[in-house]
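One-letter residues, chain by chain:
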Amino acid sequence: MNRRWIWLVVLFAVALVAVVVIAYLPSGSSANGPAALVGQTAPSFPVVDLAGKPGALADYRGKIVVLNLWASWCPPCRAEMPDLERLSHAYVKRGVVVLGVDQGEAGTRARDFATSLGITYPVLVDDAQQYGRVYAALGLPTTIVIDANGVVRAGFDGALTFAQMSAAVEPLAGKS
Amino acid sequence: MTGLLAGCVAIAIAVLLELVWPGQAVYQYGWYNALLATAFVLCAVRARAVAREGGVPALALLALVVGTGALTIAGVANGLFAPDPHVVIGSPGASVRVDDLHGSLSFPLATADPVVRLDRNGSLTEIGAGGFHIAAAFALSQVRRQVLAVDVADARGAHLTVTQPNGSAFLSPVLTMPTQQNIAGMLLPFDTFAVPAAHRVVKVVLFDRRHAEMLKTLRSDSPGGAVLFSVSDEDDRAIPHGIALVADGTTVALGGLRLKGLAIAYPAIRIAAVPVPLVLVLGTLLLLGGAIWCRLRKL
């Protein structure tokens, strides 16, 4: 057997070892939390609104939706809600809808809380916490920005300021 | 020549078995891998002797040895470098990143005929009950385990949020029971959750039917298992009369909460390393090609 064949066999063996070792190496990148769904179609589940009527995220397809997961026991959620209310008014003419989704609580509790804060944007009651699970909430509040095609464009863990909310929706919002 | 072929085929079978029955402990034993490597070295030495005897094309023998070597490398690498088999547990509706697979597993919300979806760079694969799937250098199969869906309300019956600060999904009322608690010599599934609105933390131990039958306090005609709830405050201080053992699916008033737990069988995904499929295919083709070529020339 000539030297060329020996070298080919050695190269082949080295390549094989590289392939098998690389195959078992874990990837270094991972996105957890609500940002993990960016680029995917936003899942929707049928729940009820504050009046007990059926409602879902899918009802708002065609609008830019700021989906805010909250609960009445969560102080940062309470602190953030006036800014969400302000956002809903500021961007309503530009096709933006703020949609609150109460996580795991009774409808009466969610309604009393929203009323006490003067919330006028639509609120859904998700007592099975389906939205919280699927949107990979790491805590409350969690905010997801969904474009008019129903694709998740951004996800945020924790309370946002009005400026942060505006910065998230501004590139998507139409002209007034 | 026959001994050489038998040795090569034996190595091939041993390595291919790692694909058919993935995740066996023996594959990781040092002696097993040393045996595979030694067998290959013996085959290579024998091939060199056969080549010197003449009558068999050198390239055919080379293909045979290289193919067997590829299979040996794949098998030994699987045994020595691959991660241990493990089970990925996900809460219903949750998506769990699995770095080994360079992708994520999405667990279904529904419990009827649940299908777990593997997403690798946008390529979706469904893993159903009894399903078996090879992804990268790993075999994925669905296993069923008991999880507990909890329902929590206040004293008036108003639903309350359940959170799992240390669980696989923060906002999930389904406890995946990932750890075990030793009670009276029995290893029982254990989990914990919080009820922030009531400032309560609840520890949960799940007894399956077999273990529940050992409990004198339960009705003997209870069809399922039992659930032990232990309610404490947010600083983990026990609440008086805050511990109860109830039949699966029964509501109990405890520490200002109304608690109900329902045990359900829910899928998890077992991930076991296998020899790299590409190398297996390549090695097997070379081995078969070399073996057939050698035999043809002998005839």
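Counting of residues starts from 1 at the beginning of each chain's written sequence and follows it residue by residue. Naming scheme: in the order in which they are written, chains are lettered from A and ligands are numbered from 1. Under the rules for a predicted model, residues below a pLDDT of 70 receive no local features and side-chain atom pairs below 80 are neither given nor counted, while totals for whole chains, interfaces and linings still include all residues.

1. Examining the overall build of chain A
Then step 1. In DSSP terms, a helix is any run of H or I states spanning at least four residues, a strand is any run of E spanning at least two, and both are numbered starting from the N terminus. The secondary structure content of chain A amounts to five helices and seven strands.
Then step 2. Beginning at the N terminus, the succession of helices and strands in chain A can be written as α-β-β-β-α-β-α-β-α-β-β-α.
Then step 3. This radius of gyration counts C-alpha atoms alone. The globule rule is 2.2 Å times how many residues there are, raised to the power 0.38. Against the 2.2 N^0.38 benchmark of 16 Å for 176 residues, chain A shows a C-alpha radius of gyration of 23 Å, more extended than a compact globule.
Then step 4. Its C-alpha atoms put chain A at 85 × 35 × 25 Å along the principal axes.

2. Quick look at the overall build of chain B
Then step 1. When helices and strands are tallied, chain B shows five helices and 15 strands.
Then step 2. Computed over its C-alpha atoms, the radius of gyration of chain B comes to 27 Å, more than 25% above the 19 Å expected for a compact globule of 299 residues.
Then step 3. Exposed residues have 12 or fewer other C-beta atoms within 10 Å of their own C-beta, buried residues have 20 or more, and partly exposed residues fall in between, where C-beta atoms are placed from the backbone. Out of the 299 residues belonging to chain B, those deemed buried represent 41%.
Then step 4. Two residues qualify as being in contact provided that their C-beta atoms, derived from the backbone, are within 7 Å of each other. Here the contacts in chain B between residues at least 6 apart in sequence split such that 61% fall between residues at least 24 apart.

3. Here's the deal with the environment of Arg 156 of chain B
Residues and elements named next belong to chain B.
Then step 1. Mapped onto the fold, Arg 156 is located in the loop between strand 7 (138-154) and strand 8 (174-175).
Then step 2. Residue classification places Arg 156 among the exposed residues on the basis of 8 C-beta atoms within 10 Å.
Then step 3. Once the C-alpha coordinates of Arg 156 and Gly 256 are considered, the two residues, 100 residues apart in sequence, prove to be 9.6 Å apart.

4. Notes on the nonpolar core
Then step 1. Throughout this description, the term nonpolar core refers to a group of buried Ala, Val, Leu, Ile, Met, Phe, Trp, Tyr and Cys residues whose C-beta atoms join them within 7 Å. Counting 133 residues, the largest nonpolar core has Val 66 of chain A together with Leu 64, Ala 74, Phe 138, Leu 148 and Val 195 of chain B as the members making the most contacts within it.
Then step 2. Of all the elements, helix 3 (residues 58-80) of chain B adds the most residues to this core, at twelve residues.
Then step 3. Inspection of this core shows a minimum of three residues originating in each of domain 1 (2-82 + 275-298) and domain 2 (87-136 + 138-271) of chain B. Those domain boundaries reflect an automatic or database domain assignment.

5. Description of the environment of Ala 79 of chain A
Residue and element names in this part refer to chain A.
Then step 1. Position of Ala 79 relative to the elements: it lies in helix 2 (residues 75-90).
Then step 2. A count of 12 C-beta atoms within 10 Å places Ala 79 in the exposed class.
Then step 3. C-alpha of Ala 79 to C-alpha of Tyr 121: the two residues are 42 residues apart in sequence and 16 Å apart in space.

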